[in-house]
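# Results of the structural survey
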Amino acid sequence: LMQLFRPLDLLGWVYRTIRQGLVDMAEMFRLMDSEVEVEDAPGAPALVIHRPTVTFDNVVFGYESDRTILQGLSFEVPAGDNVAIVGPSGAGKSTIARLLFRFYDPWSGRILIDGKDISQITQTSLRAAIGIVPQDSVLFNETIGYNIAYGKDGTSDQQVMSAARDASILPFIEQLPQGFDTEVGERGLKLSGGEKQRVAIARTLVKNPPILMLDEATSALDSRTEQDILATLHRVSRDRTTLSIAHRLSTIADAHEILVLDQGKLAERGTHSALLQHDGLYAEMWARQANETSA
Ligand code: ATP
């Protein structure tokens, strides 16, 4: 999913460059320019969401004109539900996430949030509505408080504290001598993988997004920490429309629906138990992973 986070990386780079006083404005704008793939439609309104339903309607897309990646994809994530996307490497899972963020536009078909075509609303309002919890988060050489509040301008201390509580990292922060003012990163406290992940969750919660996109969040963690983080994610996604991209099937077995993507098409869809019963690609992937775990 790395491509998805390039704009964030770029922001981090711009930020660090400015901090270090090394800013070369021309270079900075050249880089930012090259990131622009799509533009707001003239006079596009901001997205107003009543029910955060996410719909892909016959979406066809490729990165290069001679190679189609998504071949007419249709699915819906009803408001408040949790839908997981699984499938072999290269199937197009991250591409779905990038299109939902409108880093690219589909060749044909539409992507809708609450019935509104995302190409007809401002990108700022679109991205404000979606929180991502990525696998590897960028933390700034700043205080923990700054790193959490970074999710949104004008965040109050109260909101930062409540996001930290919801991400289950408040007790950890409170036992630090300098609490939220503790510097992290190269200059300060080194956080463990699980702690970093929780800071990232808190940062996302500060945005209070109605839609969550979870990249499989736990690859570098030991299994106890992984279980804890999964429980936290489960809790914070309960009232939000959630799209999870997963590699390990055990993490998404309780999703409302699982979409099995293969070469840009939906090969199968259903609940975990229905898919096992169907005894197709999903059942095969499940059996293989069970083998790997017990080996
Ligand atoms: P993985 O599980 O390995 O992360 P994925 O299902 O998320 O895979 P995608 O990242 O969506 O797969 O990629 C789908 C296809 O699109 C792949 O064949 C990939 O090579 C291609 N692709 C991805 N990004 C680009 C890009 N920027 N330019 C050209 N092709 C790309």
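Anything mentioned here points back to the structure above.
Small disclaimer: the values here were computed from a predicted structure and weren't measured.

## Thoughts on the nonpolar core
Grouped together as the largest cluster of nonpolar side chains are 34 residues, with contacts concentrated most on Phe56, Ile96, Leu100, Ile130 and Leu243. In this structure, Val133, Ala149, Val184 and Leu233 belong to the second largest nonpolar core, which totals 26 residues.

## Structural notes on the sheet that holds strand S4 (residues 108-113)
Judged by pairing direction, the sheet is antiparallel, and its four strands sit side by side in the order S2-S1-S4-S5 without closing on themselves. With one partner strand each, in any of the chains shown, strand S2 (70-77) and strand S5 (116-117) form the two edges of the open sheet. Bridging between strand S1 (residues 54-61) and S2 involves six bridges; their strand directions are antiparallel. Paired with valine 60 across the strands is glutamine 71, a residue of S2.

## So, the environment of glycine 87
Along the polypeptide, glycine 87 turns up in the loop between strand S3 (82-86) and helix H3 (93-100). For the pair glycine 87 and aspartate 181, spaced 94 residues apart in sequence, the C-alpha separation works out to 42 Å. Residue contacts for glycine 87: discarding those within four places in its chain leaves Lys93, Leu261 and Met285.

## Concerning H3
H3 sits mainly inside the fold: eight of its eight residues count as buried. Listed as buried for H3 are Lys93, Ser94, Thr95, Ile96, Ala97, Arg98, Leu99 and Leu100. Positive backbone phi, approximately 60 degrees, marks arginine 102, located one or two places after H3.

## A word on the site of the ligand
Of all residues adjacent to the ligand, which total 15 residues, the nearest are Arg67, Ser89, Lys93, Ser94 and Thr95. A distance of 2.7 Å separates an oxygen atom of the ligand from a polar atom in the side chain of lysine 93. Taking threonine 95, its side chain carries an N or O atom lying 2.5 Å from an oxygen atom of the ligand. In the complex, the protein chains occlude 72% of the 640 Å² of accessible area that the ligand would expose alone. Taken together, the residues that form the shell around the ligand break down as four nonpolar, seven polar and four charged.

## Remarks on the environment of glutamate 226
With respect to the helices and strands, the residue glutamate 226 is situated in helix H9 (residues 223-236). For glutamate 226, a relative accessible area of 9% translates into the label buried.

## Remarks on the packing of helix H8 (residues 193-207) against H9
The geometry of H8 relative to H9 is characterised by a closest axis approach of 11 Å and an angle of 5 degrees between their N-to-C directions. Put simply, H8 runs roughly parallel to H9. Where H8 abuts H9, its residues Gly194, Gln197, Arg198, Ile201 and Leu205 lie against Thr225, Asp228, Ile229, Thr232, Leu233 and Val236. Looking at the contact of H8 with H9 residue by residue, the class counts come to five nonpolar, four polar and two charged.

## Here we look at the packing of aromatic side chains
Each pair of aromatic rings is reported with the distance of its centres and the angle of its planes. Scanning all chains against the criterion turns up nine aromatic pairs. Between tyrosine 146 and tyrosine 150 the ring centres are 6.3 Å apart and the planes differ by 40 degrees, which places this aromatic pair in the tilted class. According to the relative accessible area criterion, tyrosine 146 is partly exposed, its value standing at 29%. Ring pairing ties together the aromatic residues Phe61, Tyr63 and Tyr104, which thus form one cluster.

## Considering the pairing of strand S6 (residues 130-133)
By the alternation rule, side chains of S6 split into Ile130 and Ile132 and Gly131 and Val133, which are all buried. Note that S6 and strand S7 (residues 211-215) share four bridges and pair parallel. Bridge pairing in S7 places valine 133 opposite leucine 214.

## What about the pattern of salt bridges?
On inspection of all chains with the given rule, the structure shows five salt bridges. Arginine 110 serves as the salt-bridge partner of aspartate 57, at 3.7 Å between the closest nitrogen and oxygen. Separated by 53 residues along the polypeptide, aspartate 57 in strand S1 and arginine 110 in strand S4 bring together distant segments of the chain. According to the relative accessible area criterion, aspartate 57 is partly exposed, its value standing at 32%. Note on arginine 110: relative accessible area 39%, which makes it partly exposed. For the salt bridge of lysine 116 with aspartate 114, the shortest nitrogen-to-oxygen distance reads 3.5 Å. For lysine 116, a relative accessible area of 29% translates into the label partly exposed.

Procedures and definitions
- Residues numbered from 1 in each chain as written.
- Predicted model: local features only at pLDDT ≥ 70, side-chain atom pairs only at ≥ 80, totals over all residues.
- Heavy atoms only, no water.
- Core = buried A, V, L, I, M, F, W, Y, C linked by side-chain atoms within 4.5 Å.
- Buried < 20%, exposed > 50% of the residue type's maximum accessible area, 1.4 Å probe, protein only.
- Pairing = 2+ DSSP bridges.
- Helix = DSSP H or I, 4+ residues; strand = E, 2+ residues; numbered from the N terminus.
- Contact = heavy atoms within 4.5 Å.
- Near = heavy atom within 4 Å.
- Polar contact = N/O pair within 3.5 Å; in protein donor to acceptor, adjacent residues only side chain to side chain.
- Areas by Shrake-Rupley, 256 points an atom, 1.4 Å probe, with all protein chains shown as cover.
- Nonpolar A, V, L, I, M, F, W, Y, C, P; charged D, E, K, R; others polar.
- Axes fitted to C-alpha atoms, helices over the stretch in contact; angles between N-to-C directions.
- Parallel < 35°, antiparallel > 145°, perpendicular 65-115°, else oblique.
- Phe/Tyr/Trp six-rings, centres within 6.5 Å; stacked < 30°, edge-to-face > 60°.
- Salt bridge = Lys/Arg side-chain N within 4 Å of Asp/Glu carboxyl O.

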